[in-house]
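Structural overview for review
Residues per chain, in single letters:
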Amino acid sequence: DQQVKQNSPSLSVQEGRISILNCDYTNSMFDYFLWYKKYPAEGPTFLISISSIKDKNEDGRFTVFLNKSAKHLSLHIVPSQPGDSAVYFCAASQGRRGGSNYKLTFGKGTLLTVNP
Amino acid sequence: GAGVSQSPSNKVTEKGKDVELRCDPISGHTALYWYRQSLGQGLEFLIYFQGNSAPDKSGLPSDRFSAERTGGSVSTLTIQRTQQEDSAVYLCASSLNYRTNTGELFFGEGSRLTVL
């Protein structure tokens with residue numbers, strides 16, 4: 001039972017264009033969402049996060065949008081750069097509602113390739 | 001180094017053998033996590049340590065898996081009588097704070113385990 005789903009295993013975009021990575025979740029108790037980026041042979045690194053009390057969070061070229069009614073979030077990268085090529089993982093937790101607020105549930109990841 | 005350190009980076013073993021994977025978290029981080037990533041899957045939570053509290057072992061897939069954290073620092077994940085389905089990348093992470101909404105996880109590079 002996958003609670004966090006990234007339905008696109010891969011995405012290819014042209015340098016300078018927008019990359020949109022999508023993530024869906026099923027557990028309505030999730031209230032904190034994170035994106036991690038992973039290069040080959042390295043551990044995942046934190047990219048950006050959003051609390052369920054917001055619908056948008058922006059950090060430079062990266063913006064995360066949250067649609068709670070649809071249980072959907074997306075990561076926008078504008079403009080995309082070749083160095084952004086990596087696997088992007090969506091993750092969720094019950095960050096504010098207590099319980100297992102330390103436990104992240106991850107999606108399977110989306111491989112983004114940005115072509116020069 | 002300043003990051004999370006894991007060893008070995010690669011381990012090939014025969015089915016039925018025991019293996020130990022080591023994690024050295026970032027100094028001062030009180031929370032330590034083990035995740036694993038099997039081929040084509042997302043990161044799967046295994047176990048969580050926070051200070052002197054009892055660990056959350058709810059993600060360990062079987063009683064062949066165990067982990068300990070000595071002195072609140074270094075952690076060892078032990079897999080007894082390894083099976084082929086144990087083949088995966090085992091990732092350790094640490095964080096300053098146990099709450100994921102106030103402190104993201106810092107991952108090591110992982111230990112790739114291959115069981116023949």
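Please refer to the structure higher up on the page.
None of the values given here were measured: they were computed from a predicted structure.

Some remarks on the overall build of chain A
Secondary structure assignment for chain A yields 0 helices and 11 strands. Each helix and strand of chain A, placed in order from N terminus to C terminus, yields the pattern β-β-β-β-β-β-β-β-β-β-β. Computed over C-alpha atoms, the radius of gyration of chain A comes to 14 Å, within 12% of the 13 Å expected from 2.2 N^0.38 for 116 residues, which places it in the range of a compact globule. Oriented by its inertia axes, the alpha-carbon framework of chain A measures out at about 45 × 30 × 20 Å. In chain A, which comprises 116 residues, the proportion classed as buried is 47%. Pairs at least 24 apart in sequence give 56% of the contacts found in chain A among residues at least 6 apart. Distance between charge centroids for chain A: 5 Å, based on 13 positive and 9 negative side chains.

Considerations on the state of the cysteines
Residues and elements named next belong to chain A. All told, the structure shown has 2 disulfides over all chains when counted by the stated rule. Residue Cys23 pairs covalently with Cys90 via a disulfide, S to S 2.0 Å. Judged by the sign of its S-S torsion, about -75°, the bond between Cys23 and Cys90 is left-handed. On the criterion of sequence distance, the pair formed by Cys23 in strand β3 (residues 19–25) and Cys90 in strand β9 (residues 86–93) is long-range, its members being 67 residues apart.

The rules behind each value
- Residues numbered from 1 in each chain as written.
- Chains lettered and ligands numbered in written order.
- Predicted model: local features only at pLDDT ≥ 70, side-chain atom pairs only at ≥ 80, totals over all residues.
- Heavy atoms only, no water.
- Helix = DSSP H or I, 4+ residues; strand = E, 2+ residues; numbered from the N terminus.
- Rg over C-alpha atoms; globule rule 2.2 N^0.38 Å.
- Buried < 20%, exposed > 50% of the residue type's maximum accessible area, 1.4 Å probe, protein only.
- Contact = heavy atoms within 4.5 Å.
- Lys, Arg positive; Asp, Glu negative; His and termini not counted.
- Charge placed at Lys NZ, Arg CZ, Asp CG, Glu CD.
- Disulfide = S-S within 2.5 Å.

So, to be careful, I would describe these as geometric facts and stop short of saying anything about function.
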